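# What the coordinates show
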Amino acid sequence: MTTLAERAAAAAGRTDTPPAEDSAAAPAVEDYAPAPDPMADYEPGDDDPDMVPVGVAWLRVRREIRAIGKGELYNALGTKFNFRGVDTVVNVFGPVTLKHGVNVMSSKVEATYGEKSTKNGGKMRECSVLVTWTIMGPMGDTLTLQTMGEALDTADKSTTKAQSVALRTLLLGFGLTPTHDKDPDADRIERGNEAPARSAESYRDEILNPKTSQGRLQQIGYELGNLRMLGTTVQNETGEAETLDSLGRRIYGERSGGAQ
């Protein structure tokens, strides 16, 4: 009695002889199973972050950061100062936020642009941004914060630079990150004697001086306005009482040839 497989083989002109029972059996073909993904259950850090509210997680980030010194030097165009660059700040904050399951994401960027001229006549594009940040903790709860950044660039990088400044401001400001620099209050500076404010009479004498130009008379008017002395009464050239405002306008009009 032949099997269906044997009859099919005979019809195809071949002979299929089943292996003897004592012959070595061919290895069975196993069903394919993909290797387990080693990253399937990955959580940043050495251990899984504690499932704590975002405020607590951020406090733990701050506790580990401690301080970031101003280790970078700007020395160009006659200006020299130390600063903490955005790359330095991100390099410090990045691993610690990962460890504690904290995500820092920009959720909205509002930008305004302008144009500035350099002293050599070149043009620079100015960008100011208001960035809304979402700080997400390991439990999925969030904080919303805003910071601003400004930057100038001669090419197409002003927007990117401004956002980088806003990020640095967020991490340093919201992180209350100290520099370990010397406290400004450690120095005490004695102020020198400031020049005394000019008297109303000295302004009167300058207004009445024939050598005082019309441009200077206008400037005196601005100064008196800032000092709130326009209404101060003085004796004019005829000995009559007159306010400095009235005196200045009258003298200006006489020297310009028109009534004021």
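As shown above, the structure is provided for reference.
Rules used throughout
Residues numbered from 1 in each chain as written. Predicted model: local features only at pLDDT ≥ 70, side-chain atom pairs only at ≥ 80, totals over all residues. Heavy atoms only, no water. Helix = DSSP H or I, 4+ residues; strand = E, 2+ residues; numbered from the N terminus. Contact = heavy atoms within 4.5 Å. Areas by Shrake-Rupley, 256 points an atom, 1.4 Å probe, with all protein chains shown as cover. Phe/Tyr/Trp six-rings, centres within 6.5 Å; stacked < 30°, edge-to-face > 60°. Buried < 20%, exposed > 50% of the residue type's maximum accessible area, 1.4 Å probe, protein only. Lys NZ or Arg CZ within 6 Å of the ring centre and 35° of its normal. Arc of directions from axis to C-beta. Salt bridge = Lys/Arg side-chain N within 4 Å of Asp/Glu carboxyl O. Pairing = 2+ DSSP bridges. Axes fitted to C-alpha atoms, helices over the stretch in contact; angles between N-to-C directions. Parallel < 35°, antiparallel > 145°, perpendicular 65-115°, else oblique. Left-handed = near helix turned anticlockwise from the far one by under 90°. Nonpolar A, V, L, I, M, F, W, Y, C, P; charged D, E, K, R; others polar.

### Re the overall build of the protein chain
- Scanning the protein chain from terminus to terminus reveals seven helices and seven strands.
- Written out in order from the N terminus, the α and β elements of the protein chain read α-α-β-β-α-β-β-β-α-α-α-β-β-α.
- Residue pairs at least 24 apart in sequence account for 55% of intrachain contacts in the protein chain once pairs closer than 6 positions are excluded.
- Summed over all atoms, the accessible surface of the protein chain reaches about 18,700 Å², with 52% contributed by carbon and sulfur.

### Thoughts on the packing of aromatic side chains
- In this structure the tally under the stated criterion is two aromatic pairs.
- Between Trp58 and Phe93, the ring centres sit 6.0 Å apart and the planes meet at 15°, which makes this aromatic pair stacked. Linking Trp58 in helix H2 (residues 54-65) with Phe93 in helix H3 (residues 86-99), this pair joins segments that are 35 residues apart in sequence.
- Overall, Phe93 belongs to the buried group, its relative accessible area being 2%.
- Judged by centre distance (5.0 Å) and plane angle (15°), the rings of Trp58 and Phe174 are stacked. Of this pair, Trp58 sits in helix H2 while Phe174 sits in helix H4 (residues 158-174); the two residues are 116 residues apart in sequence, bridging distant segments of the chain.
- Of the residues examined, Trp58 reaches a relative accessible area of 4% and is grouped as buried.
- Sitting above the plane of the Tyr113 ring, Arg125 keeps its charged end 4.0 Å from the centroid.
- Geometry around Tyr203 places Arg198 over its ring, the cationic atom sitting 4.0 Å from the centre.

### Concerning the environment of Gly101
- Mapped onto the elements of the fold, Gly101 is located in the loop between H3 and strand S3 (103-117).
- We classify Gly101 as buried; its relative accessible area is 17%.
- Considering only alpha carbons, one finds Gly101 and Gly140, 39 residues apart in sequence, at a separation of 9.5 Å.
- Look past the residues within four positions of Gly101 in its chain and what remains in contact with it is Pro49, Met136, Gly137 and Pro138.

### Quick word on helix H5 (residues 200-208)
- Those residues of H5 that sit buried are Ala200, Tyr203, Arg204 and Ile207. An end-on view of H5 places all buried positions within 105° of arc, on one side of the element.
- Those residues of H5 that are buried lie in contact with helix H6 (214-227), strand S6 (233-235) and helix H7 (244-256).

### Brief notes about the pattern of salt bridges
- Taken as a whole and assessed by the stated rule, the structure comprises 14 salt bridges.
- Residue Arg250 is joined to Glu237 by a salt bridge in which the shortest nitrogen-to-oxygen separation is 2.9 Å. Within this pair, whereas Arg250 is found in helix H7, its partner Glu237 is found in the loop between S6 and strand S7 (241-243), the two being separated by 13 residues in sequence.
- Here Asp245 makes a salt bridge to Arg249, at a shortest N to O gap of 3.0 Å. Remark: Arg249 and Asp245 occur in helix H7; sequence separation between them is four residues, near one turn of the helix.
- By sharing partners, the salt bridges in this structure join Arg198, Glu206, Arg216 and Glu223 into a single network.

### Observations regarding the sheet that holds S3
- Within the open sheet, the three strands sit side by side as S3-S4-S5. Their pairing is antiparallel. Single-partner strands in this sheet number two, and they are S3 and strand S5 (142-153). Neighbour to neighbour, the strand axes of the sheet diverge by 15° on average, direction disregarded.
- Two elements, strand S4 (residues 123-136) and S5, share 12 bridges in a ladder whose sense is antiparallel. Paired with Leu130 across the bridge in S5 is Met148.
- Most of the contacts of H2 go to S4, to which it runs at about 120°, and overall it touches S3, S4 and S5.

### A look at the packing of H5 against H6
- Viewed as axis vectors pointing N to C, H5 and H6 meet at an angle of 160°, and their least axial separation amounts to 10 Å. Classified by the angle between their axes, H5 and H6 sit roughly antiparallel to one another. Our pair here, H5 against H6, has a crossing hand that is left-handed. Listed contacts from H6 to Tyr203, Glu206 and Ile207 of H5 are Arg216, Leu217, Ile220, Glu223, Leu224 and Leu227.
- Its residues assigned to classes, the contact of H5 with H6 comprises six nonpolar, no polar and three charged.

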